[in-house]
Number of protein chains: 2
Amino acid sequence: MNIDTDSTACPRGGPAARRRAAAWAYLSRVAEAPCRALLSFIEEDHRGDPEAAAEAVRSRAGLPDAVASATRARYATDVAERDLAVIARLGGRLVTRDSDEWPLLRTQQFGLPGAAVDGSPPVALWTVGAMGLERLESRAVAIVGTRAASGYGEHVTAEIAGDLAAQDYLVVSGAAYGVDGAAHRAALGAGGTTVAILACGVDRAYPAGHARLLRAIAEAGAVLSEYPPGVAPGRHRFLARNRLVAGLTDATVVVEAGRRSGALNTAGWAERMCRSLLAVPGPVTSATSVGCHMLLRQDRANLATDAEDVMEVAGPFGALGAPPGADGCARPTDGLTAVQLAVHDGLPARGTRPSEEVSVEAGVSLDETMGALAVLELAGLAVRAGEDWALVRADGPAAR
Amino acid sequence: MNIDTDSTACPRGGPAARRRAAAWAYLSRVAEAPCRALLSFIEEDHRGDPEAAAEAVRSRAGLPDAVASATRARYATDVAERDLAVIARLGGRLVTRDSDEWPLLRTQQFGLPGAAVDGSPPVALWTVGAMGLERLESRAVAIVGTRAASGYGEHVTAEIAGDLAAQDYLVVSGAAYGVDGAAHRAALGAGGTTVAILACGVDRAYPAGHARLLRAIAEAGAVLSEYPPGVAPGRHRFLARNRLVAGLTDATVVVEAGRRSGALNTAGWAERMCRSLLAVPGPVTSATSVGCHMLLRQDRANLATDAEDVMEVAGPFGALGAPPGADGCARPTDGLTAVQLAVHDGLPARGTRPSEEVSVEAGVSLDETMGALAVLELAGLAVRAGEDWALVRADGPAAR
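Here goes a summary of the coordinates provided. (Residues numbered from 1 in each chain as written. Chains lettered and ligands numbered in written order. Predicted model: local features only at pLDDT ≥ 70, side-chain atom pairs only at ≥ 80, totals over all residues. Heavy atoms only, no water.)

### Observations regarding the pattern of salt bridges
Residue and element names in this part refer to chain A.
(1) Moving on: Going through the model one piece at a time under the given rule, you end up with 32 salt bridges over all chains.
(2) Moving on: Its salt-bridge partner being Glu32, residue Arg237 comes within 2.8 Å of it at the nearest N-O pair. Taken together, the positions of Arg237 in helix H10 (residues 235–247) and Glu32 in the loop between helix H1 (15–30) and helix H2 (36–45) put the pair 205 residues apart, joining distant regions of the chain.
(3) Moving on: Residue Glu32 is classed as partly exposed on the basis of its relative accessible area of 23%.
(4) Moving on: When salt bridges that share partners are traced, they join Arg29, Arg82 and Asp83 into one network. (Salt bridge = Lys/Arg side-chain N within 4 Å of Asp/Glu carboxyl O. Helix = DSSP H or I, 4+ residues; strand = E, 2+ residues; numbered from the N terminus. Buried < 20%, exposed > 50% of the residue type's maximum accessible area, 1.4 Å probe, protein only.)

### Here's the deal with the pairing of strand E4 (residues 170–173) of chain B
Residues and elements named next belong to chain B.
(1) Moving on: Along E4, one buried face is formed by Leu170 and Val172 and the opposite face, lined by Val171 and Ser173, is buried too.
(2) Moving on: Of the strand pairs in this sheet, strand E3 (residues 140–144) and E4 are connected by three bridges, and their pairing is parallel. Directly across from Ala140, in E4, lies its bridge partner Leu170.
(3) Moving on: Taken together, the three bridges between E4 and strand E5 (residues 194–197) define a ladder with parallel strand orientation. (Pairing = 2+ DSSP bridges.)

### A word on the interface of chain A and chain B
Frequently, the measure chosen for interface size is the accessible area removed from exposure when the parts meet.
(1) Moving on: At the junction of the two partners, chain A supplies 26 residues and chain B supplies 26 residues.
(2) Moving on: Taken over both partners, the interface formed by chain A and chain B buries close to 2,000 Å², and the fraction arising from carbon and sulfur atoms is 60%.
(3) Moving on: For chain A, the biggest contributors to the area lost against chain B are A:Val284, A:Arg297 and A:Arg350; these three give 29% of the whole.
(4) Moving on: At the boundary of chain A with chain B, the tally comes to two salt bridges.
(5) Moving on: Our count for the chain A to chain B interface comes out at six residue pairs in polar contact (both at pLDDT 80 or more).
(6) Moving on: Taken together, the elements giving at least two residues each to the side of chain A that touches chain B come down to helix H7 (151–166), helix H12 (290–297), strand E11 (382–385) and strand E12 (388–391) of chain A.
(7) Moving on: Counted by class, the side of chain A that touches chain B contains 13 nonpolar, seven polar and six charged residues. (Contact = heavy atoms within 4.5 Å. Buried area = accessible area lost by both parts, 1.4 Å probe. Polar contact = N/O pair within 3.5 Å; in protein donor to acceptor, adjacent residues only side chain to side chain. Nonpolar A, V, L, I, M, F, W, Y, C, P; charged D, E, K, R; others polar.)

### Some words on helix H7 (residues 151–166) of chain B
Residues and elements named next belong to chain B.
(1) Moving on: Between its first and last C-alpha, H7 extends 22 Å over 16 residues, near the 22 Å set by a 1.5 Å rise per residue.
(2) Moving on: As for H7, its buried residues are in contact with E3, E4, helix H8 (179–189) and helix H13 (307–313).
(3) Moving on: By the N-cap criterion, in which a side-chain oxygen at the helix start approaches the backbone nitrogen of a residue two or three places on, H7 is capped by Ser150, the distance to Tyr152 being 3.3 Å.
(4) Moving on: Two residues or fewer past H7, Asp168 is found with a positive phi of approximately 70°. (Expected span 1.5 Å × (residues − 1).)

### Quick notes on the packing of aromatic side chains
Residue and element names in this part refer to chain A.
(1) Moving on: Scanning the entire structure with this criterion turns up two aromatic pairs over all chains.
(2) Moving on: Ring centres of Tyr206 and Phe238 lie 5.8 Å apart, and the angle between their planes is 55°; this geometry places the pair in the tilted category. Of this pair, Tyr206 sits in the loop between strand E5 (194–197) and helix H9 (211–220) while Phe238 sits in helix H10, and the two are 32 residues apart along the sequence.
(3) Moving on: Positioned over the ring face of Tyr227 is Arg237, at 5.4 Å from the centre of the ring.
(4) Moving on: If you follow Arg272 out to its NZ or CZ, it ends over the ring of Trp269, 4.5 Å from the centre. (Phe/Tyr/Trp six-rings, centres within 6.5 Å; stacked < 30°, edge-to-face > 60°. Lys NZ or Arg CZ within 6 Å of the ring centre and 35° of its normal.)

### A closer look at H12(A)
(1) Moving on: Looking only at H12(A), the buried set comprises A:Gly291, A:Cys292, A:His293, A:Leu295 and A:Leu296.
(2) Moving on: Where H12(A) is buried, its residues touch strand E7 (251–254), helix H11 (262–272), strand E8 (276–279) and strand E9 (302–303) of chain A together with strand E9 (302–303) of chain B.
(3) Moving on: Backbone geometry just downstream of H12(A) places A:Asp299 in the positive-phi region, at approximately 65°.

### Observations regarding the sheet that holds strand E10 (residues 352–354) of chain A
Residues and elements named next belong to chain A.
(1) Moving on: Reading across from one edge, E10-E12-E11 is the order of the three strands in this open sheet, with antiparallel pairing throughout. The outermost strands of the open sheet, each flanked by one partner alone, are E10 and E11. Across the sheet, the mean angle separating the axes of adjacent strands is 35° when strand polarity is ignored.
(2) Moving on: Inspection of the sheet shows E11 paired to E12 by four bridges, in the antiparallel sense. Within E12, the position partnered with Ala382 by the bridge is Leu391.
(3) Moving on: Sheet contacts for helix H15 (residues 355–362): E10 and E12; angle to E10, the most-contacted strand, approximately 90°. (Axes fitted to C-alpha atoms, helices over the stretch in contact; angles between N-to-C directions.)

### Considerations on the packing of H7(A) against helix H8 (residues 179–189) of chain A
Residue and element names in this part refer to chain A.
(1) Moving on: Two elements in contact, H7 and H8, have axes whose closest approach is 8 Å; the angle formed by their N-to-C orientations is 35°. Remark: the crossing between H7 and H8 carries right-handed chirality. For the pair H7 and H8, contact is made by Glu154, Thr157, Ala158, Ala161, Gly162 and Ala165 and by Val179, Ala182, Ala183, Arg185, Ala186 and Ala187, respectively.
(2) Moving on: Looking at side-chain class alone, the contact of H7 with H8 contains eight nonpolar, two polar and two charged residues. (Left-handed = near helix turned anticlockwise from the far one by under 90°.)

Encoded structure:
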């Protein structure tokens, strides 16, 4: 992106703040996102001190294996100052947990610690735009879908996104062609605020044909990424980006999706993170509605025909502040500790598994696993099957 | 309807059978259907003896209040012999609980005795056509929808009805314009069997524009009604007829329905009677899909895009045999152990599978799989098919 700006290349604040920002910038590049190991290294091992964590990564002294491995390729590459200069030149900023605008509640609701897939929150967010990222905390809706949207899909996207934006909902998407672009444009057209989350550095206009659209999005809202400037888009980064699109919003609306559309990946993240998920039906004769119909048939998504349907599940009080179990994710697992949750996740979806394997899968010691299994059994969430253990499936969205 | 026939005007059988048939004919006209009071008067107070029940109604002696009230207007009008002559002249017959072709299991699964709305089974069924009504007991699917079907709706109806008929499913509908007509025609076009259930006597072609279609339906299947010959259609009779459409089938598919379509009434009956209910999505911009989207949004219907989706819930063993659950509808897997559930899940959605493969799919040892299959068989949830095993589908609305 080329946004003309007069801002200085220096991050705000004194030398201490600058050092701290540089440490965050270093950490945001040193491991490929998402990286739960690095995040817990920063937050737990170093109590949220980025400079201490960055120094430890650089020095390679006493790193946990997972952190050592995740940072091996890039620990010696310190381009933090350059990255900060680039973002400043774009008129943007690096937003971290140090900042008032960090969407704290939202990022706290990312993937569960024990889940098999790494759905950890971003280390930091690089953003260009007028909008403070705290705005993501409420009334934020992701509207996603296939790049190959039909005329029907673009029309419905525009209706829903425009109506949501007009009702002061934040429209979040991925700036791709098709549904994403239609959503951003309709939000802008309604005089609303929209956020594009990229799978590359925010200095890159991707896709190139949306360079002008991205500038317009930044003027009225935000273009953001967990990747530092210069990072190129890549397949795994689209998947990681989808996690942010789902995770930084109350609800994800899939407007049109073919059988293998990336939008279904975003939908999966929304489910995993207990966000509301909606799908728009279409003609059963249309290949671009097959994915939506699949989500609906499998009872994974609520049906959305218009913005009203979306507003019903997405705040002002939306997923945030919803009492546990009241909406979005019904949770038989509410009240479990992180270790118990990890063990619960370590049980196979189908069939049984010896406790030793559950322990490995959960990343929890065998003793703790046995204790957690006993609790899960009492709670009716697991059963013994001879020497093995099996998940007890409860009905309801959380049991998927 | 004008079906040329050479049959005699006399019901089959000797004088005793004729008296009994005349009693049924009298009873089928003496109260407006549905009439739970009359039915239980026949079945319980008179142990299923229609002559005793008819005589009691005629004589007005010692009638329960509800029966006296329901029969007050018509008890003196005995046109049973005339009705039987008319149906015989049409080449049709009066089917009752005395007959081998009475769909007994199906009618036993009509509305619950305590329900607010009278969803009781018919007293008798007047039918014209080649098909024995016992055929309704399995693989019978109702396809219903708005009279004002769109081109999309007619197309999808024809696809689903044609494919179902080609797979030997019975296609049941109400002979109305729009979706109903498209369903009957597609079933006939596929060389299949179809049943039209009327809200008037079967001697009446309603709607008149479907007179030729009704003749074709009777030639290959059946045209039936709980109303005796000559009865005119009326609004309440359409609602009562909808109860038969839902109740005499495994599953109801709503293809297109506006917000106030009568098809939604049929859908309501299907739910109340614990039949499977499916709805076909369409463009959210189409008024004729609003009712379908409502059913899907409220999680009342499964989503259907094609005949496969319908066959998944309306199996050869369909809703029949599903044990009643707490809410009246089945949750047939309630009470299974985790291993039994895993084995149940390991059975193929469609077709059969050797036990070894079920074991692999379920992740359960072969010994345990064999044990679980035996339990599932006893519970009516699985059947042997030679060396293989197949799932018995019992997906009522509550089992989703």
